Amino acid sequence: MRFLVPCAMNDDSLSADEAAELLGVSKATLYSYVSRGMLHSRAVSPRSRARAYHKGELLAFKHRTSFRKDPDRAATEVIEFGTPILTTAISQITETEHSYRGISSRELSRNFCFEQVAQFLWTGDRQGDQLPPPREQWLGAIDLTLVDRLDESLTPIERMQTILPVLEHRNLRAYGTTAALLTPSAIELMLYLVYLCTGRTYHGSVSSTLAGAWEADRKRLETLLIVVADHELNIATFTARCAASAGATLYQSLMAGLASLQGYRHLFGQVSEAKAFFNEVIATGDPETVIRRYLRRSGNIPGVHNPYRRLYTGPDPRVLTLMDNLSGTKHYPLLQETSRLIELASHEHPRVDFALAVSEPMLGLPQDAIHGLVAIGRTAGIIAHVMEQYRSDRVIRPRARYVGATE
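Values in this document were obtained by computation on a predicted structure and should not be read as measured data. (Residues numbered from 1 in each chain as written. Predicted model: local features only at pLDDT ≥ 70, side-chain atom pairs only at ≥ 80, totals over all residues. Heavy atoms only, no water.)

1. So, the packing of aromatic side chains
Enumeration over the complete set of coordinates arrives at five aromatic pairs. Measuring from centroid to centroid gives 6.3 Å for Phe278 and Phe354, while their planes differ by 75°, and the two rings are edge-to-face. Placement of the pair is Phe278 in helix H14 (residues 267–284) and Phe354 in helix H18 (residues 352–362), with a sequence separation of 76 residues. Taken individually, Phe278 and Phe354 each receive the classification buried, so the pair is uniform in this respect. Taken together, the aromatic side chains of Phe277, Phe278, Tyr294 and Phe354 make up a single cluster linked through ring pairs. Lying over the aromatic face of Tyr294, Arg297 brings its terminal NZ or CZ to 4.6 Å of the ring centre. (Phe/Tyr/Trp six-rings, centres within 6.5 Å; stacked < 30°, edge-to-face > 60°. Helix = DSSP H or I, 4+ residues; strand = E, 2+ residues; numbered from the N terminus. Buried < 20%, exposed > 50% of the residue type's maximum accessible area, 1.4 Å probe, protein only. Lys NZ or Arg CZ within 6 Å of the ring centre and 35° of its normal.)

2. Here's the deal with the pairing of strand E3 (residues 51–54)
Relative to E3, strand E1 (residues 13–14) runs antiparallel, the two sharing two bridges. Bridge pairing in E3 places Leu14 opposite Tyr53. Of the strand pairs in this sheet, strand E2 (residues 42–43) and E3 are connected by two bridges, and their pairing is antiparallel. Bridge assignment links Arg42 to a residue of E3, and that residue is Ala52. (Pairing = 2+ DSSP bridges.)

3. Digging into the confidence of the model for the protein
The share of residues in the protein with pLDDT of 70 or more is 88%, and the mean pLDDT across the chain is 88. Within the model, the stretch residues 1–11 combines pLDDT values under 50 with 24 contacts to residues more than four positions away or in other chains. Throughout residues 78–83 the model reports pLDDT below 50, and contacts reaching past four residues in sequence, or to other chains, amount to 13 contacts. (pLDDT = per-residue confidence, 0-100. Contact = heavy atoms within 4.5 Å.)

4. Considerations on unusual backbone geometry
The phi angle at Glu215 is positive, at roughly 55°, despite the residue not being glycine. Summarising the element assignment, Glu215 is placed in the loop between helix H10 (206–214) and helix H11 (218–228). Residue classification places Glu215 among the exposed positions, given a relative accessible area of 73%. In the Ramachandran plot, Glu232 falls in the positive-phi region, its phi being about 55° despite a non-glycine side chain. Tracing the backbone through its elements, the reader meets Glu232 in the loop between H11 and helix H12 (235–245). Residue classification places Glu232 among the partly exposed positions, given a relative accessible area of 29%.

5. Here we look at the environment of Ala236
Within the secondary structure, Ala236 is located in helix H12. Distance from Ala236 to Leu254, taken between C-alpha atoms, is 8.9 Å for residues 18 residues apart in sequence. Setting aside residues up to four positions removed in sequence, Ala236 forms contacts with Gly257, Ser260, Leu261, His266 and Ile382.

6. Thoughts on the sheet that holds strand E6 (residues 103–104)
Pairing is antiparallel across the open sheet formed by three strands, whose spatial order is E4-E5-E6. Since the sheet does not close on itself, it has two edges, and those belong to strand E4 (91–93) and E6, each with one partner. In this structure, E4 lies alongside strand E5 (residues 98–100), joined through three bridges in antiparallel fashion. When the bridges of E5 are listed, Ser91 appears paired with Tyr100.

7. As for the sheet that holds E2
Spatially, three strands are ordered E1-E3-E2 in an open sheet, and the strand pairing comes out antiparallel. Each edge of the open sheet is held by one strand with a lone partner, namely E1 and E2.

8. With respect to the packing of helix H1 (residues 16–23) against helix H2 (residues 27–35)
At their nearest, the axes of H1 and H2 sit 9 Å apart, and the two run at 95° to each other. With respect to H2, the element H1 is oriented roughly perpendicular. For the pair H1 and H2, contact is made by Ala16, Asp17, Ala19, Ala20 and Leu23 and by Lys27, Leu30, Tyr31 and Tyr33, respectively. Partitioned by chemical class, the residues of the contact of H1 with H2 number seven nonpolar, no polar and two charged. (Axes fitted to C-alpha atoms, helices over the stretch in contact; angles between N-to-C directions. Parallel < 35°, antiparallel > 145°, perpendicular 65-115°, else oblique. Nonpolar A, V, L, I, M, F, W, Y, C, P; charged D, E, K, R; others polar.)

9. Observations regarding the environment of Tyr31
Mapping Tyr31 onto the fold places it in helix H2. The exposure class of Tyr31 is partly exposed, given its relative accessible area of 42%.

10. Things to note about the pattern of salt bridges
Under the criterion given, the structure shown has 12 salt bridges. In this structure, the salt-bridge partner of Glu388 is Arg241, at a minimum N-O distance of 2.7 Å. Placement of the pair is Glu388 in helix H19 (residues 369–390) and Arg241 in helix H12, with a sequence separation of 147 residues. A relative accessible area of 9% means that Glu388 is categorised as buried. The exposure class assigned to Arg241 is buried, which follows from its relative accessible area of 3%. Taking the shortest distance from any N to any O, the salt bridge between Asp353 and Arg351 comes out at 2.5 Å. Residue Asp353 is classed as buried on the basis of its relative accessible area of 7%. Arg351 gets classed as buried once you look at its relative accessible area, which sits at 10%. Overlapping salt bridges bring together Lys275, Glu360 and Asp368 as one network. (Salt bridge = Lys/Arg side-chain N within 4 Å of Asp/Glu carboxyl O.)

11. Side note on helix H9 (residues 179–198)
Here H9 contains 20 residues, and its C-alpha end-to-end distance of 27 Å stays within 8% of the 28 Å for a straight helix at 1.5 Å per residue. Among the 20 residues that make up H9, 17 are buried, leaving the element largely enclosed by the rest of the structure. Directly after H9, the chain includes Gly199, whose backbone phi takes a positive value near 75°. (Expected span 1.5 Å × (residues − 1).)

12. Section: the side chain of Ser245
Position of Ser245 among the secondary structure elements: in helix H12. At a separation of 2.8 Å, a polar atom in the side chain of Ser245 contacts the main-chain carbonyl oxygen of Cys242. Residues contacting Ser245, with those up to four places away along its chain left out, are Gln389, Arg394, Val395 and Ile396. (Polar contact = N/O pair within 3.5 Å; in protein donor to acceptor, adjacent residues only side chain to side chain.)

Right, here's the structure in full:
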């Protein structure tokens, strides 16, 4: 059974002339967008050479390009007054690339371990085209009596939040504000988080510790950790930077960032929804039926509709890396077919939440292990942004636009 077939024009489809007019470009420019994969077209009918363009995709494309041409307008639409655009040297998002300090996350995941990348995010230190080896503090001990008496009904991330004030009061350097002073503390925080997520102390590397606890492929876990580590001013990072700008310690700022990370509209919630969707696909082996059911029930597919689609002109490069990371696993052909049908049905690409969600069952990870992995990876990025924020003497304080009392 085919999922969709070329169809006659409908309210959601525009002709080439109409599409070009909507975008304010010539038809030649429109065709160039299609040839470069920036837009898609489909046949109106098997006997016609005419092509149809999905109105929703065109509007998203126009929205995205207008944001790039007018960053002040973009900032105003994100936070309705002022221009909360922060400068950073940590990560960069371009139309087609995702990089850390000028090096693509894909390349870093191929050539370095997570510890090296975390240190690179924090300090920017590099030796030509090489990153320094992991510091000796990664081999340090943690206080197991502190974590073993925590409430086991809490999630690993909630337990981490519980001990952050204790760790802060035990460390006189916790009140520092420079990367040189805070890096040993940052490593210690990572070691505690790894233990809370696995029940095992650090052995060899972060990825090998996770692999040993979860009986999973170490290199695939390494790639996941590195790619998820940072994504510019995501909600968790921005929250942590706001706290740091107010003078909060690294520990307090991290607590704020982890709180945001667990929100149902951020990574934890979105990954959970996408995981439930793909588990249905695996259970039935019938992605078309599951996709139809989700579209009929809620109008969207978890992990696909992207409110940040203006960031990239095509697929999120992180998603491409993470999908390749799953190549050769048991359900990989099913994933490919699911992704194909999703794009056919929605004209949208799976976002990183989807790629992370499918990684859990496809890599054979324990239930909710992906949340621990996301927390470990993203904590490295949050720490980097807190350290960077400390170098600024400005408080992050957007203005509000008063609209009057509402009922």
